[in-house]
Amino acid sequence: ITAMLIAIAIVIVILIVTFSSLIHWIAIIFSIIVAPVGAAIALTIAGEALGISAMIGLLMLIGIVVTNAVVLIDRVQSNRYERGMSIDDALIEAGDRRLRPILMTTLATIIALIPLAVGLSEGAIIASQLGIVVIGGITSSMLLTLLVVPVVYRLLDPLHQRIARLVGRGQLVEQKASGD
């Protein structure tokens with residue numbers, strides 16, 4: 001659990017620096033929050049208990065699931081700051097453009113982990129939990145990343161804009177989009 005908290009803290013710092021926002025990283029972190037739900041459901045369906053290899057799988061999920069959200073939010077930011085789109089248009093366009101890459105990377109990961117999860121080889125029983133957790137977590141995260149992350153981003157953006165005004169970080173996105 002300590003390793004997971006440290007990993008999440010490191011991810012948060014990287015996201016704050018990368019997106020230059022004290023707020024937008026929260027939308028991305030929501031993809032991490034939903035991953036354990038899918039992992040728990042997958043373990044329950046498989047009839048497995050939460051063991052050490054399952055915990056390692058949860059630690060792996062932190063890095064894996066953030067990627068999909070980063071790809072999505074990066075496109076939203078690009079749409080807004082470089083193309084001058086409104087927040088709603090930027091979110092819709094990003095969802096449309098990033099859906100296929102997110103689905104492809106998620107499916108590739110799931111397919112690659114199926115032999116591990118099924119545990120066909122000798123000694124694979126321990127590694128099976130890891131595969132099950134990652135498959136369940138990445139599946140739920142992918143589905144909810146495409147729904148929850150854009151909604152959270154949209155809800156948090158007014159707060160981001162207020163903070164940007166307070167610190168005087170140049171022209172605001174709404175001003176760019178409206179041509180002011």
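Residues numbered from 1 in each chain as written. Predicted model: local features only at pLDDT ≥ 70, side-chain atom pairs only at ≥ 80, totals over all residues. Heavy atoms only, no water.

A count of helices and strands for the protein chain gives 6 helices and 0 strands. Written out in order from the N terminus, the α and β elements of the protein chain read α-α-α-α-α-α. Taken along the three principal axes of its C-alpha coordinates, the protein chain extends 65 × 35 × 20 Å. The buried share among the 180 residues of the protein chain stands at 42%. Sequence-distant contacts in the protein chain: of pairs separated by 6 or more residues, those separated by 24 or more amount to 73%. When the accessible surface of the protein chain is split by element, carbon and sulfur atoms take 71% of a total near 9,600 Å². Counting 11 positive and 11 negative side-chain charges, the protein chain places the averaged centre of each group 7 Å from the other. (Helix = DSSP H or I, 4+ residues; strand = E, 2+ residues; numbered from the N terminus. Buried < 20%, exposed > 50% of the residue type's maximum accessible area, 1.4 Å probe, protein only. Contact = heavy atoms within 4.5 Å. Areas by Shrake-Rupley, 256 points an atom, 1.4 Å probe, with all protein chains shown as cover. Lys, Arg positive; Asp, Glu negative; His and termini not counted. Charge placed at Lys NZ, Arg CZ, Asp CG, Glu CD.)

This brings us to the nonpolar core. In terms of nonpolar packing, the biggest core is built from 44 residues, with L15, I28, I29, L61, V133 and Y153 touching the most fellow members. Where this core is concerned, the elements lending two or more residues are α1 (2-19), α2 (25-46), α3 (52-81), α4 (87-118) and α5 (124-167). Looking at this core, the element that brings in the most residues is α5, giving 11 residues. Once residues lying within four places of it in the same chain are set aside, the contact partners of V133 are A39, L43, A54, G57, L58 and L61. (Core = buried A, V, L, I, M, F, W, Y, C linked by side-chain atoms within 4.5 Å.)

So, on to the environment of T67. With respect to the secondary-structure elements, T67 resides in helix α3. Residue T67 is classed as partly exposed on the basis of its relative accessible area of 43%. Through-space distance from the C-alpha of T67 to that of I102 is 8.9 Å; in sequence the pair is 35 residues apart.

Another aspect to go through is the side chain of D157. Tracing the backbone through its elements, the reader meets D157 in helix α5. In this structure D157 comes out as buried when scored by relative accessible area, which is 2%. Side chain to side chain, D157 and R80 meet in a polar contact 2.8 Å long. (Polar contact = N/O pair within 3.5 Å; in protein donor to acceptor, adjacent residues only side chain to side chain.)

Relative orientation of the contacting elements α1 and α3 amounts to 15 degrees, with a least axis distance of 10 Å. Comparing their axes, α3 and α1 come out roughly parallel. Read as a crossing pair, α1 and α3 show a hand that is right-handed. Contact with α1, carried on its side by A3, M4, A7, I8, V11, L15 and F19, involves M55, L58, L59, I62, V66, V70, I73, D74 and Q77 of α3 and no other residues of that element. Split into classes, the residues belonging to the contact of α1 with α3 amount to 14 nonpolar, 1 polar and 1 charged. (Axes fitted to C-alpha atoms, helices over the stretch in contact; angles between N-to-C directions. Parallel < 35°, antiparallel > 145°, perpendicular 65-115°, else oblique. Left-handed = near helix turned anticlockwise from the far one by under 90°. Nonpolar A, V, L, I, M, F, W, Y, C, P; charged D, E, K, R; others polar.)

On to the environment of L113. Mapped onto the fold, L113 is located in helix α4. Under the relative-accessibility criterion, L113 is labelled buried at 14%. On a C-alpha basis, the gap between L113 and T2 in space is 26 Å, while along the polypeptide they are 111 residues apart. Beyond its immediate sequence surroundings of up to four residues, L113 is in contact with V134 and I135.

Take α1 next. An ideal rise of 1.5 Å per residue puts 26 Å on 18 residues; α1 measures up with 26 Å between its terminal C-alpha atoms. Every buried residue of α1 is listed here: M4, V11, I12, L15 and F19. Here the buried residues of α1 occupy an arc of 105 degrees about the axis, which is enough to place them on one side. Exposed positions of α1 whose direction lies more than 90 degrees from the buried face are T2, V13 and V17. Elements in contact with the buried residues of α1: α2 and α3. In the stretch just after α1, S20 is the one whose phi turns positive, near 50 degrees. (Expected span 1.5 Å × (residues − 1). Arc of directions from axis to C-beta.)

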